[in-house]
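Structure assessment
The residues making up each chain are set out below.
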Amino acid sequence: MSSEKTEIFWQTATQQLARRINLGWWLEQWMSWVMAGALSGAVAILFFRWMPLIQIRWVWVAISIVISSGAIAAWLMVRGRFENISSSRVRLEDALGLKTRLTAAAAGIGEWPRPVDDLRHPVQWRWQKPFGVFCFALIMLSVATNVPISQKETIKKRVIEKPSDVKQVEQWIENMRKEEAVLEKSLDEVEKKIAEMMQRPSENWYEHGSLEAAGNLKDQTMEMLRELSENLADAARAASALQA
């Protein structure tokens, strides 16, 4: 094999070893983020399935953001421990018993050693650990998504209607405004009394005192309408007399 191909072989082997080591450092750090994201995500899925405040798809978006952000954070945390090509070359020399031949050849001193037919990197991954973390995370999220759970019964806000006397008086006021049969000042006074009554908590609208006040307001309005009717009748009679 030519010296150029020999150099390429050893340079590639050194780079692969450095990438393997650095990827292992990063993967180990990232596993903690994956586990944290899966645990918090499973709890969030169960909670929002029990209390449907938002759609579950937004929970999945949040889980993806946490895990993706964890990948970046893990890289920033461990990049200070990453091995460079020189340190990986020394590690490879020590594992193969080449002493300093690779370092000397990279410096231009001496020749590159003959390539190794069955080159095995001195560092091996323990893939069982990250694989187990990924499986455990998927199982937790799957269980949280598919386990039967009954939703919390939402307490519907009770709507309390106004007392019937108040509603009837409001209807009379609306009709009188349309017909323009009463002075606005009189109608404003009645509406002010209604507003004062309705300022009380709705739970107190049907108490004895509130119902009595509503009844009195209705009687007063009826009396006003009666007087209005009499005045209109007198006016009509006067108009007829004048016409005669």
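For the structure itself, consult the block above.
Predicted model, so just to flag it, every value in this text is computed and none were measured.

**Side note on the overall build of the chain**
Each helix and strand counted, the chain has 8 helices and 0 strands in total. Counting helices and strands in the order they occur from the N terminus, the chain gives α-α-α-α-α-α-α-α. A burial count over the chain gives 27% of its 244 residues as buried. The contacts in the chain between residues at least 6 apart in sequence include a share of 74% that link residues at least 24 apart.

**Overview of the layout of surface pockets**
The volume enclosed by the largest pocket comes to roughly 400 Å³. Along the wall of the largest pocket there are 15 residues; nearest its centre are Gly24, Trp25, Glu28, Trp125 and Arg126. Residue assignment for the lining of the largest pocket shows that the elements contributing at least two residues are α1 (3-50) and α5 (128-146). Considering every element that reaches the lining of the largest pocket, the biggest residue donor is α1, with 7 residues. Residue composition of the lining of the largest pocket, by class: 8 nonpolar, 2 polar and 5 charged.

**Regarding the pattern of salt bridges**
Inspection of the entire model under this criterion finds 1 salt bridge. The shortest N-O distance in the salt bridge between Glu83 and Arg91 comes to 2.1 Å. Residue classification places Glu83 among the buried residues on the basis of a relative accessible area of 14%. The exposure class of Arg91 is partly exposed, given its relative accessible area of 34%.

**Comments concerning the packing of aromatic side chains**
As enumerated under the stated definition, the model contains 6 aromatic pairs in all. Centre to centre, the rings of Trp26 and Trp30 are 5.0 Å apart; their planes meet at 20 degrees, and the pair counts as stacked. With Trp26 and Trp30 both in helix α1, this residue pair falls 4 residues apart, about one helical turn. With respect to burial, Trp26 and Trp30 carry one shared label: buried.

**Here we look at the packing of α1 against helix α3 (residues 85-96)**
Remark: α1 packs on α3, axes separated minimally by 9 Å, with the N-to-C direction vectors making an angle of 105 degrees. For the element pair α1 / α3, the angle class is roughly perpendicular. Between α1 and α3, the contacting residues are Trp10, Gln11, Ala13, Thr14, Gln15, Leu17, Ala18 and Ile21 on the first element and Ile85, Ser88, Arg89, Arg91, Leu92 and Leu96 on the second.

**Re the environment of Leu53**
Relative to the assigned elements, Leu53 resides in the loop between α1 and α2 (56-78). According to the relative accessible area criterion, Leu53 is exposed, its value standing at 55%. When neighbours within four sequence positions are excluded, Leu53 is seen to be in contact with Phe47 and Phe48.

**What about the packing of α1 against α2?**
Packed helices, taken two at a time, are described by the angle between their axes plus the distance between the axes. The geometry of α1 relative to α2 is characterised by a closest axis approach of 8 Å and an angle of 160 degrees between their N-to-C directions. Classed by the angle they form, the pair α1 and α2 counts as roughly antiparallel. Of the two elements, α1 crosses α2, and the hand of that crossing is right-handed. Classifying every residue of the contact of α1 with α2 by side-chain character gives 20 nonpolar, 4 polar and 1 charged.

**Structural notes on the environment of Lys167**
Within the secondary structure, Lys167 sits in helix α6 (residues 164-179). Lys167 sits 51 residues away from Lys218 along the chain, and the two C-alpha atoms are 9.7 Å apart.

**Section: a nonpolar patch on the surface**
The grouping of Leu46, Phe47, Trp50, Leu53, Ile54, Trp58, Val61, Ile65, Ile139, Val143, Val147 and Ile149 at the surface amounts to a nonpolar patch, some 1,000 Å² of accessible area in total. Listing elements by their share of the nonpolar patch, those giving two or more residues are α1, α2 and α5. Along the polypeptide, Val61 turns up in helix α2.

**What about the nonpolar core?**
Membership of the largest hydrophobic core comes to 19 residues, with the highest contact counts inside it found for Trp26, Trp30, Met31, Val34 and Ile45. For this core, the secondary-structure elements that each account for two or more residues are α1, α2 and α5. In terms of residue count, α1 provides more of this core than any other element does, 9 residues in total. Other than its neighbours up to four places away in sequence, Val34 contacts Ile67, Val133, Phe134 and Ala137. Counting 9 residues, the second largest nonpolar core, distinct from the first, contains Trp10, Ala13, Leu92 and Ala105.

The rules behind the values
Residues numbered from 1 in each chain as written. Predicted model: local features only at pLDDT ≥ 70, side-chain atom pairs only at ≥ 80, totals over all residues. Heavy atoms only, no water. Helix = DSSP H or I, 4+ residues; strand = E, 2+ residues; numbered from the N terminus. Buried < 20%, exposed > 50% of the residue type's maximum accessible area, 1.4 Å probe, protein only. Contact = heavy atoms within 4.5 Å. 1 Å grid on protein atoms, 1.4 Å probe; cavity = no way out; pocket = protein on both sides within 12 Å on 5 of 7 lines; lining within 4 Å. Points joined across faces, edges and corners; volume = space filled by probe spheres on them. Nonpolar A, V, L, I, M, F, W, Y, C, P; charged D, E, K, R; others polar. Salt bridge = Lys/Arg side-chain N within 4 Å of Asp/Glu carboxyl O. Phe/Tyr/Trp six-rings, centres within 6.5 Å; stacked < 30°, edge-to-face > 60°. Axes fitted to C-alpha atoms, helices over the stretch in contact; angles between N-to-C directions. Parallel < 35°, antiparallel > 145°, perpendicular 65-115°, else oblique. Left-handed = near helix turned anticlockwise from the far one by under 90°. Patch = residues over 30% accessible without salt bridge, like charges linked within 9 Å, V, L, I, M, F, W, Y side chains within 5 Å. Areas by Shrake-Rupley, 256 points an atom, 1.4 Å probe, with all protein chains shown as cover. Core = buried A, V, L, I, M, F, W, Y, C linked by side-chain atoms within 4.5 Å.

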